[in-house]
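Report on the structure
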Amino acid sequence: MITVEGSLKVEVECPRAEPAIVGDANRASEVIQRIRALAKRSEPQMVSLDINDVIREAILLVQREVLGHGVSLRTELVAALPPVLGDRIQLQQVVINLLMNGAEAMASITDRPREIVIRSQQDEARQVHVAVRDSGIGIDSKTAERLFSAFFTTKPSGMGMGLSISRSIIRAHGGRLWVSANADHGATFQFTVPTNG
């Protein structure tokens with residue numbers, strides 16, 4: 001059995017506990033600590049990062065929940081991207097939020113596959129570009145920008161803070177976060193962050 005105490009330290013009571021489970025619990029603990037730091041407006045811990053590692057770690061944290069929504073998750077990550085200067089946990093929080101929003105946007109979809117594709121590449125401005133594409137209900141142009149306003153939500157039980165916080169994080173990293181409707185179904189949330197040059 002694994003318990004997370006108030007100090008957010010993971011204690012393993014079962015000697016057979018899988019190291020991967022302990023690792024996931026510790027990563028979740030770090031995410032919680034960084035969310036608390038965000039709430040207190042603490043300075044981000046900026047280090048040189050491989051954005052693909054950030055994406056893979058975020059996927060590990062939410063993969064079970066995404067699959068639980070009946071969603072298939074595919075990655076198209078360009079290898080050997082230049083590093084970015086960023087706070088690992090904050091950037092993971094952005095990716096996690098975009099993945100969960102995509103999964104929830106497909107909850108009512110029954111006439112096509114529920115799929116999320118997450119891509120990384122370097123754009124024309126030589127920034128690192130990440131896109132999370134879903135096949136959900138999509139977004140209209142009037143609602144698109146409002147999604148990033150604090151307390152605005154399209155979900156019955158949503159708080160309307162996830163995308164607002166995510167945009168603040170990306171801006172603090174010198175980047176940009178936006179959404180666009182797909183030509184067929186769903187929407188694509190995208191962000192850019194400068195390389196660590």
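Look up a bit, the structure's there.
These numbers were taken from a predicted model, which means no experiment stands behind them.

**Regarding the environment of Val 71**
- Summarising the element assignment, Val 71 is placed in the loop between α2 (51-68) and β4 (72-77).
- Looking at Val 71, the relative accessible area reads 3%, which means it is buried.
- Separated by 64 residues in sequence, Val 71 and Ser 135 have C-alpha atoms that sit 9.7 Å apart.
- Contact partners of Val 71, with chain neighbours within four places excluded, come to Val 66, Ala 103, Met 106, Arg 114, Glu 115 and Ile 116.

**Comments concerning the packing of helix α3 (residues 88-105) against helix α5 (residues 162-172)**
- As a packed pair, α3 and α5 sit with axes 9 Å apart at the nearest point and diverge in direction by 145°. Regarding α3 and α5, the two cross each other, and that crossing is left-handed. Together, Gln 90, Leu 91, Val 94, Asn 97, Leu 98 and Asn 101 of α3 and Gly 162, Leu 163, Ser 166, Ile 169 and Ile 170 of α5 make up the contact between the two elements.
- Grouping the constituent residues of the contact of α3 with α5 by class yields six nonpolar, five polar and no charged.

**Considering unusual backbone geometry**
- Look at Ala 80: it is not a glycine, yet its phi comes out positive at around 60°.
- In this fold, Ala 80 is placed in the loop between β4 and β5 (84-86).
- Judged by its relative accessible area of 80%, Ala 80 is exposed.
- Here the phi dihedral of Arg 126 falls at roughly 65°; this positive angle occurs in a residue that is not glycine.
- Note that Arg 126 resides in the loop between β6 (115-122) and β7 (128-134).
- The exposure class assigned to Arg 126 is exposed, which follows from its relative accessible area of 57%.

Reading the values: the criteria
Residues numbered from 1 in each chain as written. Predicted model: local features only at pLDDT ≥ 70, side-chain atom pairs only at ≥ 80, totals over all residues. Heavy atoms only, no water. Helix = DSSP H or I, 4+ residues; strand = E, 2+ residues; numbered from the N terminus. Buried < 20%, exposed > 50% of the residue type's maximum accessible area, 1.4 Å probe, protein only. Contact = heavy atoms within 4.5 Å. Axes fitted to C-alpha atoms, helices over the stretch in contact; angles between N-to-C directions. Left-handed = near helix turned anticlockwise from the far one by under 90°. Nonpolar A, V, L, I, M, F, W, Y, C, P; charged D, E, K, R; others polar.

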